[in-house]
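# Secondary and tertiary structure notes
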Amino acid sequence: MATEISQQLQVDRIIRGDSLTVLKSLPDSCINLVFTSPPYADNRKSTYEGIPIKEYVAWFLPIAWEVKRVLSDDGTFILNIKERTEGGERQTYVIELILKMRKQGWLWTEEYIWHKKNCYPGKWPNRFRDAWERCLQFNKQKRFKMYQEAVMVPIGDWSQKRLAKLSETDRTRDESRVGSGFGKNISNWLDRQFVYPTNVLHLATECANRGHSASFPLSLPTWFIKLFTQAGDIVLDPFIGSGTTAIACLAQNRRYIGIEAMESYYELAQASIEKWRAENDGNTAQMSLWP
Ligand SMILES: C[S@@+](CC[C@H](N)C(=O)[O-])C[C@H]1O[C@@H](n2cnc3c(N)ncnc32)[C@H](O)[C@@H]1O
């Protein structure tokens, strides 16, 4: 469905405008994956850079509704978000948002943790440094497209030692219920070089100054793009900032639509995409997909 619609839908572009307004102009069920990191909740700001905490859920819900409408039935919505602390405690708007989105009809399928493995050290009186963010997974139905083999990881050195001495129990325990060939029967791991990852992603934050205060690393959208889409599929980032999701799409042969409200970030995203294309021999991804 999404691929057919993409023939008419203009893809591989950043649209300058308000996310909700632009979303309303997109057709139903045209997107395979929505991946985004929305503006932060921040009581000190009421601009595009931050939404007051008390208004956050009400502000986001109409956007979530439109995201649900434009997403294909077997598509996935990944929301990278982390509740901030205010007045010495974690705020609850992300939890409230999840509950309200379930009422909209979303399934809260999974929660991935992005462990920022290189985050800055620091000292706070009542907590330690914050080294992770949520990547919430929402779906419209239980059966959705997922390409698990695309994100398999090397089994690692530990396996040689562990697999060298297999007990009788290791050889006879039941296989996992999903029939993956892994599970508790450890002898099934013999001769495997790759295993499925966990739902904790150990990825470094972006170190290079990309001109946006909140850009995520290229590896973050890339991982989810590989997991939930195939070449030619369409990925939407309704708060695209510096264009990271678009670059991840280009590098993975996916199509993208990005939305950005601020002119300076819109220009930055366009420039990042042009730079990527120049450094990667033009638009080879597009040409190979669209004869
Ligand atoms: C957290 S940043 C996203 C950063 C992005 N992931 C990157 O790697 O650069 C959120 C972005 O949403 C934009 N934004 C905020 N409110 C918006 C709205 N209503 N419509 C469209 N974009 C908006 C902000 O200007 C900001 O660039």
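The structure this text deals with has already been given above.
Residues numbered from 1 in each chain as written. Predicted model: local features only at pLDDT ≥ 70, side-chain atom pairs only at ≥ 80, totals over all residues. Heavy atoms only, no water.

### Thoughts on the overall build of the chain
Test applied: Segments assigned H or I by DSSP are reported as helices when at least four residues long, segments assigned E as strands when at least two residues long, and all are numbered from the N terminus. Residue exposure (1.4 Å probe, protein chains only): buried if accessible area is under 20% of the type maximum, exposed if over 50%, otherwise partly exposed. The criterion used for residue contact is that any of the two residues' heavy atoms lie within 4.5 Å. Areas reported as accessible are Shrake-Rupley estimates using a 1.4 Å probe. Residue values count occlusion only from the protein chains shown.
Summing up its helical and strand segments, the chain has 10 helices and 14 strands in all. Each of the 291 residues in the chain was classed as buried or not, and the buried ones make up 46%. When contacts within the chain are restricted to residue pairs at least 6 apart in sequence, those whose partners lie at least 24 apart make up 70%. Approximately 15,800 Å² of the chain is accessible, and the part contributed by carbon and sulfur atoms is 51%.

### Description of the site of the ligand
Operational definition: Only heavy atoms are used to decide nearness, and a residue is near a molecule or strand if one of them lies within 4 Å of it. Think of a polar contact as two N or O atoms within 3.5 Å of one another; within protein, one of them needs to be a possible hydrogen donor and the other a possible acceptor, and neighboring residues in sequence only count if both atoms come from side chains. Under this grouping Gly is polar, as are all residues other than the nonpolar Ala, Val, Leu, Ile, Met, Phe, Trp, Tyr, Cys and Pro and the charged Asp, Glu, Lys and Arg.
Residues in close proximity to the ligand total 22 residues, the closest being S19, H212, S242, T244 and E260. A distance of 2.6 Å separates an oxygen atom of the ligand from a polar atom in the side chain of T244. The contact in question runs from an oxygen atom of the ligand to an N or O atom on the side chain of E260, over 2.6 Å. The residue inventory of the shell around the ligand, partitioned by class, reads 11 nonpolar, eight polar and three charged.

### Remarks on the sheet that holds strand β13 (residues 234–237)
This is how the line gets drawn: Here a strand pair is declared whenever DSSP counts at least two bridges between the two strands. Note on definitions: angles span 0 to 180 degrees between N-to-C directions of axes, and those axes are lines fitted to C-alpha atoms, for helices only across the stretch in contact.
The strand order across the open sheet built from eight strands is β1-β14-β13-β2-β5-β9-β8-β12, with neighbouring strands paired in mixed fashion. The open sheet is flanked by β1 (13–16) and β12 (200–203), the only strands paired with a single partner. The average angle at which neighbouring strand axes cross in this sheet is 20°, direction not considered. Here β13 runs beside strand β14 (residues 255–260); their pairing, made up of four bridges, is parallel. Each bridged residue has a counterpart across the sheet, and for I234 the counterpart in β14 is R255. Contacting β2 (31–36), β5 (71–81), β8 (107–116), β9 (132–139), β12 and β13, helix α7 (residues 219–228) runs over the sheet at an angle of about 155° to β2. Sheet strands in contact with helix α8 (residues 244–251) are β1, β2, β13 and β14, and its direction is about 175° off that of β14.

### Structural notes on the environment of L97
Mapped onto the secondary structure, L97 falls in helix α4 (residues 93–103). By relative accessible area, which is 2% here, L97 ends up buried. Not counting residues within four places of it along the chain, the set of residues in contact with L97 comprises V57, F60, L61, L79 and I81.

### Remarks on the pairing of β5
Of all 11 residues making up β5, nine are buried, and the element is well covered by its neighbours. Of the pairings in the sheet, the one linking β2 to β5 comprises five bridges and is parallel in character. The partner of V34 across the bridge, within β5, is F77. Sheet topology places β5 next to β9; six bridges connect them, and they run antiparallel. Within β9, the residue paired with T76 across the bridge is N139.

### Things to note about helix α9 (residues 263–279)
Note the cut-off: Between the first and last residue of a helix there are one fewer steps than residues, each counted as 1.5 Å, and that sum is the expected span. It is the directions from the helix axis to the C-beta atoms that the arc portrays.
The end-to-end C-alpha distance of α9 is 24 Å, a good match for the 24 Å that 17 residues give at a rise of 1.5 Å each. Among the residues of α9, Y265, Y266, A269, I273, W276 and R277 are the ones counted as buried. Taken end-on, α9 shows its buried residues confined to a sector of 115°, consistent with a single buried face. Looking at α9, the residues exposed on the side facing more than 90 degrees away from the buried face are K275, A278 and E279. In the stretch just after α9, D281 is the one whose phi turns positive, near 60°.

### Digging into the pattern of salt bridges
The test is simple: Any carboxyl oxygen of Asp or Glu within 4 Å of a side-chain nitrogen of Lys or Arg constitutes a salt bridge here.
As enumerated under the stated definition, the model contains 14 salt bridges in all. The salt bridge involving K275 is made with E279; its shortest N-O contact spans 3.3 Å. Pair noted here: K275 and E279 are both in helix α9, with a separation of four residues, about one helical turn. Considered together, K275 and E279 belong to a single accessibility category, that of exposed residues. The network of salt bridges with common partners includes D28, E66 and R69.

### Here we look at the packing of α7 against α8
Threshold: Orientation is classified from the angle alone, with under 35 degrees giving roughly parallel, over 145 giving roughly antiparallel, 65 to 115 giving roughly perpendicular, and any other angle giving oblique. Crossings are assigned a handedness: left-handed for a near helix turned anticlockwise from the far helix by less than a right angle, right-handed for a clockwise turn.
Orientation of α7 relative to α8, taken along the N-to-C sense of each, is 50°, at an axis distance of 9 Å. With respect to α8, the axis of α7 lies oblique. At the point where α7 passes α8, the crossing takes the right-handed sense. Touching P221, T222 and I225 of α7 are T244, T245, A248 and C249, all from α8. By residue class, the composition of the contact of α7 with α8 is four nonpolar, three polar and no charged.

### Quick notes on the pairing of β9
The buried fraction of β9 amounts to seven of the eight residues, a majority that puts the element mostly inside the structure. Where β8 lies against β9, eight bridges are found, and the strand directions are antiparallel. Note that in β9 the partner of E110 across the bridge is Q137.

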